[in-house]
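Results of the structural survey
Residues per chain are reported as follows:
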Amino acid sequence: MARSRSQRYLVTGGAGFIGSHLLDALLANPATKEVRVLDNFSSGRREHVAPHAKDRRLSVKVVDLLDLGKISPHFRNINRVFHLAANPDARWGIDNTRLDLEQETIATYNVLEAMRRNRVPQIVISSSGTVYGDVGTTVTHESLGPCLPVSLYGAGKVASEALITAFCATFGLRGIILRFGNIVGERTTHGVIYDFIRQLAKNSGELKVLGNGFQAKPYVYVRDLVSGLMFAGQRCSELEPSQFDVFNLAPDGATSVRFIAAELVEQLGFKGRTKIRYGTAAAGWPGDVPQSRMASSKLRKAGFALPRSSDAAVRLAISRILEWLAKRPDTKGDLKLPRGASLVG
């Protein structure tokens, strides 16, 4: 553990859903000397970083990763980068086809180039199970290929992974790529639970589901994911220069959208009151992967295992999200607890 002393970290997207939870963990470690957050606040929230406002080890810079000249100075004297900034919702790339090119591929190139210029040795990057494409219920493992994504989001992640491995091999960086399952939990800014709650806040009598509800994917509770990120950071420090590795970070198995809808309605106390209406399509939208299964054996062999199943992660996440919303000040236009909720959990 001596290697972790006096570490200076940079977290891109550190005010976001996942990034702010990682920020909590890094600042809870007395060995952390400094954390720099770079965020353009397109989906990040100031409320996420506000609890650490008095911590002198933290600095938050409002900056766009597409501006290499502006971000590069912030990488000076950094030991490790956690690159989490990205387009948070795959559906957004349907209307704006440049979004994933910019927010995944170009932003990742700029981060890597800023690291090269400032001799930052290590990076841990968030990738996604979407890189595997639509392979049905095939259990995907890290050596499965070629990766043929069916969304622009997945394509951006594949390109980002290729840039990571190339920069590591060419310039002596060390990198860990983590392919996430679907992440759920408090401070959520997007995703199926977020969308369902927004619907129910407008009309608690009906919940419309995109697709037939049999879509099923692996889900990870956000604080469990952060433990995996911290493990990956240590693993990254143990690599030799020019080396990299890739891990799936997801539980075995999957959770259906029908399970999520029913669990949310029950925990809100709306069972018997809310009518859940399902569509007929297998996928929810163009580019959606209706079925996803990810093998986690490689990460377990490396020394890290998620503490709960996909269903358990969803159940806990819904409970924590509702608790968070019950305490959160009303934010106009943002997520809020539906009226009449009795929080049965």
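Presented here is an overview of the structure given in this document. (Residues numbered from 1 in each chain as written. Predicted model: local features only at pLDDT ≥ 70, side-chain atom pairs only at ≥ 80, totals over all residues. Heavy atoms only, no water.)

With that out of the way, let us pick up unusual backbone geometry. Leave glycine aside and you will find that most residues have negative phi; peptide bonds, for their part, are mostly trans. Across the junction of Gly145 and Pro146, the peptide omega takes the value 0 degrees, indicating a cis bond. Here Pro146 is to be found in the loop between strand 6 (139–140) and helix 6 (152–171). The backbone of Arg119 shows a phi angle near 60 degrees, a positive value even though the residue is not glycine. Secondary-structure assignment places Arg119 in the loop between helix 5 (99–118) and strand 5 (122–128). A relative accessible area of 76% places Arg119 in the exposed class. Located in the positive-phi region is Arg187, a residue other than glycine, with phi close to 75 degrees. (Helix = DSSP H or I, 4+ residues; strand = E, 2+ residues; numbered from the N terminus. Buried < 20%, exposed > 50% of the residue type's maximum accessible area, 1.4 Å probe, protein only.)

Okay, the nonpolar core next. Residues Ile18, Val35, Leu178 and Leu229 are the most contacted members of the largest nonpolar core, which totals 61 residues. It is helix 11 (residues 310–327) that provides the largest number of residues to this core, a total of nine residues. Setting aside its immediate chain neighbours within four residues, Leu178 contacts Val124, Ile125, Ser126, Ser127, Ser128, Gly228, Leu229, Ala232, Phe247 and Leu249. Counting residues in hydrophobic clusters, the runner-up holds 24 residues, among them Val63, Ile78, Ile125 and Ile164. (Core = buried A, V, L, I, M, F, W, Y, C linked by side-chain atoms within 4.5 Å. Contact = heavy atoms within 4.5 Å.)

We now examine the environment of Lys275. Within the element layout of this structure, Lys275 appears in strand 14 (residues 275–278). C-alpha of Lys275 to C-alpha of Val289: the two residues are 14 residues apart in sequence and 25 Å apart in space. Setting aside anything within four residues of it in sequence, one finds Lys275 in contact with Gly205, Glu206 and Leu207.

Sheets are built from strands that pair by backbone hydrogen bonding, the pairs being arranged parallel or antiparallel. What the seven strands build is an open sheet, ordered 3-2-1-4-5-7-12; its pairing is parallel. Either end of the sheet is taken by a strand with one partner, and the two such strands are strand 3 (58–62) and strand 12 (244–249). Pairwise comparison of adjacent strand axes, ignoring direction, gives a mean angle of 15 degrees for this sheet. Of the strand pairs in this sheet, strand 2 (residues 32–39) and strand 3 are connected by five bridges, and their pairing is parallel. Opposite Asp39, over in strand 3, you have Val62 as the bridge partner. This element, helix 6, spans strand 5, strand 7 (174–180) and strand 12 of the sheet and lies at about 160 degrees to strand 5. The sheet contacts of helix 8 (residues 222–237) involve strand 4 (80–83), strand 5, strand 7 and strand 12, and relative to strand 7 the element is tilted by about 155 degrees. (Pairing = 2+ DSSP bridges. Axes fitted to C-alpha atoms, helices over the stretch in contact; angles between N-to-C directions.)

Moving on to the packing of helix 1 (residues 17–28) against helix 8. It is at 9 Å that the axes of helix 1 and helix 8 come closest, and there the two elements cross at 60 degrees. Regarding the angle of helix 1 to helix 8, the classification is oblique. For helix 1 against helix 8, the interelement crossing comes out right-handed. Residues Phe17, Ile18, His21, Leu22, Asp24, Ala25 and Leu26 of helix 1 lie in contact with helix 8, whose contacting residues are Val222, Arg223, Leu225, Val226, Leu229 and Met230. Considered class by class, the residues forming the contact of helix 1 with helix 8 number ten nonpolar, one polar and two charged. (Parallel < 35°, antiparallel > 145°, perpendicular 65-115°, else oblique. Left-handed = near helix turned anticlockwise from the far one by under 90°. Nonpolar A, V, L, I, M, F, W, Y, C, P; charged D, E, K, R; others polar.)

Turning next to the environment of Arg258. When you line up the elements, Arg258 lands in helix 9 (residues 257–267). Taking the C-alpha atoms as reference points, Arg258 and Asn212, 46 residues apart in sequence, are found 8.4 Å from one another. If sequence neighbours within four positions are ignored, Arg258 has contacts with Asn212, Gly213, Phe214 and Tyr278.

On to the packing of aromatic side chains. As enumerated under the stated definition, the model contains four aromatic pairs in all. Seen from their ring centres, Tyr9 and Phe82 are 5.9 Å apart, and the 50 degrees between their planes marks the pair as tilted. Placement of Tyr9 in strand 1 (residues 7–12) and of Phe82 in strand 4 is noted, with a sequence separation of 73 residues between them. Summarising the burial analysis for this pair, Tyr9 and Phe82 share the class buried. A centroid spacing of 5.2 Å and a plane angle of 50 degrees characterise the contact between Phe167 and Phe171, whose relative ring orientation is tilted. With Phe167 and Phe171 both in helix 6, this residue pair falls four residues apart, about one helical turn. Taken together, the aromatic side chains of Tyr109, Phe167 and Phe171 make up a single cluster linked through ring pairs. Cation over ring: Arg258 sits above Tyr278, and NZ or CZ is 3.8 Å from the ring centre. (Phe/Tyr/Trp six-rings, centres within 6.5 Å; stacked < 30°, edge-to-face > 60°. Lys NZ or Arg CZ within 6 Å of the ring centre and 35° of its normal.)

Function-wise, these values are silent; they only describe arrangement.
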